[in-house]
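If you want the building blocks of each chain, they are given just below.
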Amino acid sequence: MSALWSVGAGLLLLLLWVRHRGLEAVLVHHRWVFVCFFLMPLSILFDIYYHLRAWAVWRLHSAPRLHAQRVRHIQEQVREWKKEGSKRYMCTGRPGWLTVSLRVGKYKKTHKNIMINLMDVLEVDSERQVVRVEPLVSMGQLTAYLNPMGWTIPVVPELDDLTVGGLIMGTGIESSSHIYGLFQHTCVAYELVLADGSLVRCSPTENSDLFYAVPWSCGTLGFLVAAEIKMIPAKKYVKIHYKPVRGLQKICEKFTEESKKKENSFVEGLMYSLDEAVIMTGVLTDEAEQSKINRIGNYYKPWFFKHVEKYLKADRTGVEYIPSRHYYHRHTRSIFWELQDIIPFGNNPVFRYLFGWMVPPKISLLKLTQGEAIRKLYEQHHVVQDMLVPMKSLEKSIQTFHVDLNVYPIWLCPFILPNNPGMVHPKGNETELYVDIGAYGEPKSKQFEARASMRQMEKFVRSVHGFQMLYADCYMTREEFWDMFDGSLYHKLREEMNCKDAFPEVYDKICKAARH
């Protein structure tokens, strides 16, 4: 009883303090208060609901039975839109705040919202080594479903809440991408409801133009209702090697060298300054030295990027065995390193042991509650960007990131980019090794100004024939955008499939210059 009185008194004092300071001031300058006391508990309730729902679907085996019915409902909505005169563009009815992208889609308020309630694993085909899923299946949900069966997917993009649909219509990457490519390159078929309400399946051999045009199209060619993804056998552990490297040239040389080695199941780099990095390589294995097992995903463990930094500070190499699923979601608890800006003491051992089981707060809830003041603050003084550049331009690219942004850590993730049709492919006729350079945090560059600095970055990325991930803020003009991306197949299909009256062009949907 005394404990309840203490909690009640604490909450009362907190509310009085919030009232005294003003809610907006607290949300802007002491956001951790709101996150710790409200969003983290609410995130747990979200997780419990989705876990119970997934369990119920699995027990009742209802997903395959209901899938066809749900798809018919989507088709009916599209046909109803046509009967109404096709007066507005269509978009998914999923609220903008539920997406992992930090961008809030204002178009949801003016477009015809098509409700798409598709969030289940439909089929695991062990013979073909393919899993068929609905678009709202998340990475956390999919790995939890497949791993006990002895399977995983080749590319498991980092954060638990990333969905299959978002990773196909946008893009996704992981430290295995130097072997398998981007997430889209591990998919073998898509099923879409088109602007006329028809249901179409596409693959490299069936409606191949549509298959190659869908990735990066951001839902502007049709509504994704299912996808088939390759599976590979899962193993228990990832044997990971940590190698501190100093000097920018040596960092780039070592990272490039390891990225070309197909015997490495995983390659990743974390740069902590312009000339300090830790290069990590990993291999899948079922055997492990018990004394070197590190269950890094446990709630009380240090955040992964902080754990890696210890090897740099001690200037020593190291070897560990991380359980595979812990490895796949190693950056989830700290949202890479974004959470340190929201909860500055989040990696403190006391906080981790007492409250780490509630971390991380849902990105969707952070978006929903950020308010206009925080949104503007983030827009002007915060970057979340992934630029994909040829590996041969890595050193020049890092120098550009340092001058224009000066944000650390920087994430380095290599990937192979095949010369397939579509919006994103190498400049030449052959497959090329690329690297994702991820910058997340508050720029320390004195001349940083959001629009001007990002336009400078975008100009550089175009000059080396690179690409900008479309989940982030994009400041390019329409001409610049289509200079970066190959729109030939995309525009051809939009014309052939009568998409122009049904869906906005991808540029109009995601670029700031079009949305303001």
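Residues numbered from 1 in each chain as written. Predicted model: local features only at pLDDT ≥ 70, side-chain atom pairs only at ≥ 80, totals over all residues. Heavy atoms only, no water.

The chain has the name Delta(24)-sterol reductase in an unreviewed UniProt entry, where Vidua chalybeata is given as its organism. Comment text from UniProt for the chain, heading Sequence similarities (unreviewed entry), reads "Belongs to the FAD-binding oxidoreductase/transferase type 4 family." (UniProt positions renumbered as here; feature names shortened; annotations may be inferred.)

*Asks:* Honestly, the overall build of the chain in this entry has me stumped. Any pointers?
*Replies:* Each helix and strand counted, the chain has 21 helices and 17 strands in total. Among the 516 residues that make up the chain, the fraction classed as buried is 55%. For the chain, the proportion of contacts with a sequence separation of at least 24, taken over those separated by at least 6, is 74%. Summed over its atoms, the accessible surface of the chain is roughly 23,100 Å², and 55% of this surface lies on carbon and sulfur atoms. (Helix = DSSP H or I, 4+ residues; strand = E, 2+ residues; numbered from the N terminus. Buried < 20%, exposed > 50% of the residue type's maximum accessible area, 1.4 Å probe, protein only. Contact = heavy atoms within 4.5 Å. Areas by Shrake-Rupley, 256 points an atom, 1.4 Å probe, with all protein chains shown as cover.)

*Asks:* Please clarify how the sheet that holds strand S4 (residues 130–133) should be interpreted in this entry.
*Replies:* Hydrogen bonds between backbone groups are what pair the strands of a sheet, and the pairing can be parallel or antiparallel. Pairing is antiparallel across the open sheet formed by five strands, whose spatial order is S3-S4-S8-S6-S7. Looking along the sheet, the strands with just one partner apiece sit at the ends: strand S3 (121–125) and strand S7 (199–202). Across the sheet, the mean angle from the axis of one strand to that of its neighbour is 15°, orientation sign disregarded. For strand S6 (residues 187–193) and S7, the ladder comprises four bridges, and the chain directions are antiparallel. Bridge pairing in S7 links Leu192 to Val200. Packing against the sheet, helix H5 (residues 139–146) makes contact with S3, S4 and strand S8 (223–230), and its axis sits at approximately 40° to S3. (Pairing = 2+ DSSP bridges. Axes fitted to C-alpha atoms, helices over the stretch in contact; angles between N-to-C directions.)

*Asks:* Is there a simple way to explain unusual backbone geometry in this structure?
*Replies:* If a residue is not glycine, its phi is most likely negative; likewise, a peptide bond is most likely trans. Across the junction of Val359 and Pro360, the peptide omega takes the value 5°, indicating a cis bond. Within the secondary structure, Pro360 sits in the loop between helix H13 (349–355) and helix H14 (363–368). Backbone geometry at Asn498 places phi at a positive 55°, although glycine is not the residue there. Within the secondary structure layout, Asn498 lies in the loop between helix H19 (488–496) and helix H20 (506–510).

*Asks:* Can you walk me through the sheet that holds strand S17 (residues 467–468) in this structure?
*Replies:* Strand order across the open sheet formed by eight strands is S13-S10-S12-S11-S15-S16-S14-S17, with antiparallel pairing between neighbours. Every interior strand has two partners, whereas the edge strands, strand S13 (318–323) and S17, have only one. Looking at chain direction, strand S10 (residues 237–246) and S13 are connected through six bridges and run antiparallel. Considered in S13, the bridge of Lys239 is made with Tyr321. Helix H16 (residues 394–404) contacts strand S11 (266–273), strand S14 (383–390), strand S15 (410–417) and strand S16 (432–441) of the sheet and is inclined by roughly 15° relative to S16.

*Asks:* For this particular structure, what's the right way to read the packing of H16 against helix H17 (residues 450–463)?
*Replies:* Between two packed helices, the angle of one axis relative to the other and the distance separating the axes together describe the packing. Between H16 and H17, the least distance of the axes is 10 Å, while the angle of their chain directions is 170°. Relative to H17, the element H16 is oriented roughly antiparallel. Across from Lys396, Ser397, Thr400, Phe401 and Asp404 in H16, the residues of H17 making contact are Ser453, Gln456, Met457 and Phe460. Residue composition of the contact of H16 with H17, grouped by class: three nonpolar, four polar and two charged. (Parallel < 35°, antiparallel > 145°, perpendicular 65-115°, else oblique. Nonpolar A, V, L, I, M, F, W, Y, C, P; charged D, E, K, R; others polar.)

*Asks:* I tried to follow the pattern of salt bridges on my own but got confused; where do I start?
*Replies:* Side chains that carry opposite charge are capable of pairing whenever their charged atoms lie near each other. One pass over the full model with this rule turns up 27 salt bridges. The shortest N-O distance in the salt bridge between Glu276 and Arg246 comes to 3.5 Å. Separated by 30 residues along the polypeptide, Glu276 in strand S12 (residues 276–285) and Arg246 in strand S10 bring together distant segments of the chain. We classify Glu276 as partly exposed; its relative accessible area is 26%. Judged by its relative accessible area of 36%, Arg246 is partly exposed. One network of salt bridges, in which partners are shared, links Asp125, Arg128, Arg201, Glu206 and Glu228. (Salt bridge = Lys/Arg side-chain N within 4 Å of Asp/Glu carboxyl O.)

*Asks:* Can you walk me through the UniProt feature "transmembrane region" (unreviewed entry) in the chain in this structure?
*Replies:* Following the UniProt record, one finds the feature "transmembrane region" (unreviewed entry) at residues 32–52. The span residues 32–52 shows a helical share of 100% and a strand share of 0%, and its end C-alpha atoms are spaced 28 Å apart.

*Asks:* Could you clarify how one ought to interpret the nonpolar core in this entry?
*Replies:* Across soluble globular proteins, you tend to see nonpolar side chains buried next to one another. Leu142, Tyr190, Leu210, Phe481 and Phe485 are the most contacted members of the largest nonpolar core, which has 147 residues in total. For this core, the leading source of residues is S15, giving seven residues. If near-sequence neighbours (up to four positions away) are discounted, Leu210 is found in contact with Leu192, Leu194, Val200, Cys202, Leu221, Leu493 and Met497. (Core = buried A, V, L, I, M, F, W, Y, C linked by side-chain atoms within 4.5 Å.)

*Asks:* Is there a simple way to explain H19 in this structure?
*Replies:* Think of an α-helix as 3.6 residues a turn; residues three or four steps apart then line up on the same face. Residues Leu489, Tyr490, Leu493 and Arg494 constitute the buried set of H19. Angularly, the buried residues of H19 cover 135° about the axis, an arc narrow enough to put them on a single face. A positive backbone phi angle near 55° is found at Asn498, which sits one or two residues after H19. (Arc of directions from axis to C-beta.)

*Asks:* What is the right way to look at the packing of helix H9 (residues 248–259) against H16 in this model?
*Replies:* Between H9 and H16, the least distance of the axes is 9 Å, while the angle of their chain directions is 130°. By the angle class used here, H9 and H16 are oblique. Handedness of the crossing formed by H9 with H16: right-handed. Taking contact as the criterion, the partners of Leu248, Gln249, Cys252 and Phe255 in H9 are, on H16, Leu394, Glu395, Ile398 and Gln399. (Left-handed = near helix turned anticlockwise from the far one by under 90°.)

*Asks:* Would you mind showing me how to read the environment of Ile229 here?
*Replies:* Here Ile229 shows up in strand S8. On the basis of relative accessibility, which here comes to 0%, the residue Ile229 falls in the buried class. Beyond its immediate chain neighbours, meaning those up to four positions away, Ile229 contacts Gln129, Val130, Val131, Val133, Leu142, Ile153, Val164, Phe183, Thr186 and Cys187.

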